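Residue strings, one per chain:
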Amino acid sequence: MRVLSKPTAYALTHPLAFALRTLRSFRANQGLLLAGAVAYYALLSVVPLLIVSVIALSYLVDQAQLLRTLGRYLEWVVPSQSRVVLADVTAFLENGIAIGALLLATMLFFSSVAFSVLETAMCIILAHRGTISKRHFLVSAVLPTVLPCCWGWSCWA
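Residues numbered from 1 in each chain as written. Predicted model: local features only at pLDDT ≥ 70, side-chain atom pairs only at ≥ 80, totals over all residues. Heavy atoms only, no water.

Caption draft 1: The arrangement of the nonpolar core in detail. Formed by I51, V54, I55, L66, L67, V89, L93 and L103, the largest nonpolar core amounts to eight residues. When residues of this core are assigned to their parent elements, the largest contribution, three residues, is made by helix α3 (residues 31-60). (Core = buried A, V, L, I, M, F, W, Y, C linked by side-chain atoms within 4.5 Å. Buried < 20%, exposed > 50% of the residue type's maximum accessible area, 1.4 Å probe, protein only. Helix = DSSP H or I, 4+ residues; strand = E, 2+ residues; numbered from the N terminus.)

Now the structure itself:
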């Protein structure tokens, strides 16, 4: 009885050949470009999410206490720029509803773009698995907002 599959046994017995083949495939599929695109759009959707979260928290927690706590943690993350960032957050809190709606729309747009890029990357990576049916753009745009648990279902649905 065989414990390991043929490809697994080959990878374990020829690790250098496996690594070279993996790197060639990564380069051929433009892995760095796809990873950079996913990271870029994820960052563009995370920043508005954090600001919307602070605006939402300002309705639940005392605003002065929230700013003190945020200032303390910002001092750890960006020591030289924490006062500037805190001043910007204070300005966002003063214009809460108007800025919050704009940031929410921005966050939804960039998260849908990030999901589309991630879907494309997963389809390229898993192209050897068989036929891939492409979704309509609007379905891919709505999925991250409706079903947050479906990030890994892109090529199978």
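Caption draft 2: Quick look at the packing of aromatic side chains. Inspection of the entire model under this criterion finds one aromatic pair. A centroid spacing of 5.1 Å and a plane angle of 80° characterise the contact between Y73 and W76, whose relative ring orientation is edge-to-face. Taken as a pair, Y73 and W76 lie in helix α4 (residues 63-77) at a separation of three residues, close to a single helical turn. Residue Y73 is classed as partly exposed on the basis of its relative accessible area, which comes to 42%. (Phe/Tyr/Trp six-rings, centres within 6.5 Å; stacked < 30°, edge-to-face > 60°.)

Caption draft 3: Region of interest: the side chain of S58. Checked against the element boundaries, S58 lands in helix α3. A polar contact is formed between the side chain of S58 and the backbone oxygen of I55, at a distance of 2.5 Å. (Polar contact = N/O pair within 3.5 Å; in protein donor to acceptor, adjacent residues only side chain to side chain.)

Caption draft 4: Representation of the packing of α3 against helix α5 (residues 82-94) in the model. The contact between α3 and α5 brings their axes to 10 Å, and the two run at 60°. Judged by the angle between their axes, α3 and α5 are oblique. For α3 against α5, the interelement crossing comes out right-handed. Here I51, V54, I55 and S58 of α3 come into contact with α5, specifically with V89, F92 and L93. The class makeup of the residues in the contact of α3 with α5 is six nonpolar, one polar and no charged. (Axes fitted to C-alpha atoms, helices over the stretch in contact; angles between N-to-C directions. Parallel < 35°, antiparallel > 145°, perpendicular 65-115°, else oblique. Left-handed = near helix turned anticlockwise from the far one by under 90°. Contact = heavy atoms within 4.5 Å. Nonpolar A, V, L, I, M, F, W, Y, C, P; charged D, E, K, R; others polar.)

Caption draft 5: Structural context of α3. With 30 residues, α3 should cover 44 Å at 1.5 Å per step; its first-to-last C-alpha distance of 42 Å lies within 8% of that length. When we look at burial in α3, the residues that qualify are G31, L34, S45, P48, I51, V54, I55 and S58. Those residues of α3 that are buried lie in contact with α2 (15-28), α4, α5 and α6 (96-125). (Expected span 1.5 Å × (residues − 1).)

Caption draft 6: Region of interest: α4. With 15 residues, α4 extends 21 Å from end C-alpha to end C-alpha; this agrees with the ideal 21 Å at 1.5 Å per step. When α4 is considered as a whole, its buried residues turn out to be L66, L67, G71 and L74. For α4, the buried positions fall inside an angular range of 135° around the axis, keeping them on one side. Those residues of α4 that are exposed and angled more than 90 degrees off the buried face are R68 and W76. Residues of α4 that are buried in the fold lie against α3 and α5. (Arc of directions from axis to C-beta.)

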